[in-house]
Amino acid sequence: MKPAPFEWHAPASLAEALALKAAHGEEARFLAGGQSLVPAMNFRVAQPAILVDLNRVAGLDSVVEENGALRLGAMLRHARLERDATAARTHPILAEALHEVAHPQIRNRGTIGGNLSHADPASEMPAVMLALDARFGLRNAAGEREVAAADFFLGPLTTALRPDEMLTEIRLPALPPRSGTAFLEVARRQGDYPMMGVAAVVTLDAAGMCIAARIACCSAGPTPVAAPRAAAALLGTRLGEADIAAAAELLRDEVEPLGSVQASAGYQRHLAGVLARRALLLAKGRAA
Ligand SMILES: Cc1cc2nc3c(=O)[nH]c(=O)nc-3n(C[C@H](O)[C@H](O)[C@H](O)COP(=O)(O)OP(=O)(O)OC[C@H]3O[C@@H](n4cnc5c(N)ncnc54)[C@H](O)[C@@H]3O)c2cc1C
């Protein structure tokens, strides 16, 4: 298949890229790694009149750490983030989840900003962003606003990005001491989108009591799905097997899987409970 005709612009600066988007709005799409947009164009599911190619814009692919908090440039390739030593130290769940995203060739081109802006509800990283309580920097020609990951994903392939805005930066708060994280998924084959995926973050106090927990799932509804009731049930417990099993049971009711050709909604719900239990046990072990 061939894409519909389009104009290609390759701005050299962020200001130029934002000016182009401001001028053309919905007619224009940013081109990041092209791993979702180009196939969609080839199938003519997407027919943007104008592509604003971000690959020549400098300064959008940095990893900046400040006291354990991370700022990630939107054009950071999956593969670079997966191997980044700083991110591995501060937020090891990033590499753990990225390893499950597609195949190495796709991770060499695909970007974290493109992945999050694409907002596929089956995608791993949006769920990880919810679990990490990330905030996103969205820029237009006039300035920047910050949106929480929880408010960014509005529906399948739909985000809070306005027609003139670019996702420029992903901001991850530092994980407190004695925090543990884990991402687990079940997919038909390595590199496929998962039938279910669970990201878990827990924090313990010095006595081993759970003082914070966040859990989020992918392939669990029209957007990445947080499980606040399951997470709240863990607070004040020692994350014993029974505590975790009870939380996993709550999580099974919080997810809203839609079912697919690969898995019924009931099977996805079952996977959510099993993966939540395993991910929480793993996160607890890592926190300790
Ligand atoms: C065979 C295959 C398997 C895959 N498997 C998985 C998988 O298992 N899990 C998974 O998560 N992903 C998977 N992907 C998708 C992959 O992760 C893509 O890299 C990602 O979804 C899109 O990133 P990109 O940089 O390629 O974005 P692009 O394809 O360039 O863009 C995607 C969309 O985001 C917009 N966009 C891009 N950057 C920005 C920005 N900074 N601000 C605003 N809008 C922007 C574009 O205009 C476009 O609408 C797979 C892809 C393929 C081809």
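Predicted model only: the values in this text are computed from it and were never measured.

Calculation criteria
Residues numbered from 1 in each chain as written. Predicted model: local features only at pLDDT ≥ 70, side-chain atom pairs only at ≥ 80, totals over all residues. Helix = DSSP H or I, 4+ residues; strand = E, 2+ residues; numbered from the N terminus. Rg over C-alpha atoms; globule rule 2.2 N^0.38 Å. Buried ≥ 20, exposed ≤ 12 C-beta atoms within 10 Å, placed from the backbone. Contact = placed C-beta atoms within 7 Å. Pairing = 2+ DSSP bridges. Axes fitted to C-alpha atoms, helices over the stretch in contact; angles between N-to-C directions. Core = buried A, V, L, I, M, F, W, Y, C linked by C-beta atoms within 7 Å.

Scanning the chain for helices and strands turns up 12 helices and 14 strands. Taking 288 residues into account, the globule formula puts the C-alpha radius of gyration at 19 Å, and the chain, at 19 Å, falls close to it. C-alpha atoms of the chain, sized along the principal axes, occupy 60 × 45 × 30 Å. Looking at the chain as a whole, 47% of its 288 residues are labelled buried. Of the contacts formed within the chain by residues at least 6 apart in sequence, a portion of 64% connects residues at least 24 apart.

This paragraph deals with the sheet that holds strand β14 (residues 225-226). Spatially, 4 strands are ordered β11-β12-β13-β14 in an open sheet, and the strand pairing comes out antiparallel. For this open sheet the edge positions go to β11 (179-186) and β14, each flanked by a neighbour on one side alone. Relative to strand β13 (residues 210-218), strand β12 (residues 196-204) runs antiparallel, the two sharing 8 bridges. The partner of V198 across the bridge, within β13, is C217. Helix α8 (residues 124-131) rests against β11, β12, β13 and β14 of the sheet, and its axis sits at about 160° to β13.

Looking now at the environment of A49. Among the structural elements, A49 can be located in the loop between α2 (37-42) and β3 (50-53). Assessed through the 13 C-beta atoms surrounding it within 10 Å, A49 is described here as partly exposed.

A separate point is the nonpolar core. The nonpolar side chains of a soluble globular protein tend to be buried with one another. Of all hydrophobic cores here, the largest spans 88 residues; its most connected members are V128, A199, A200, V202, I215, C217 and A276. A total of 8 residues in this core trace back to one element, the largest contributor, which is helix α12 (residues 265-287). Among residues more than four places away in sequence, those in contact with A200 are A131, T181, A182, I215, A276, A279, L280 and A283.

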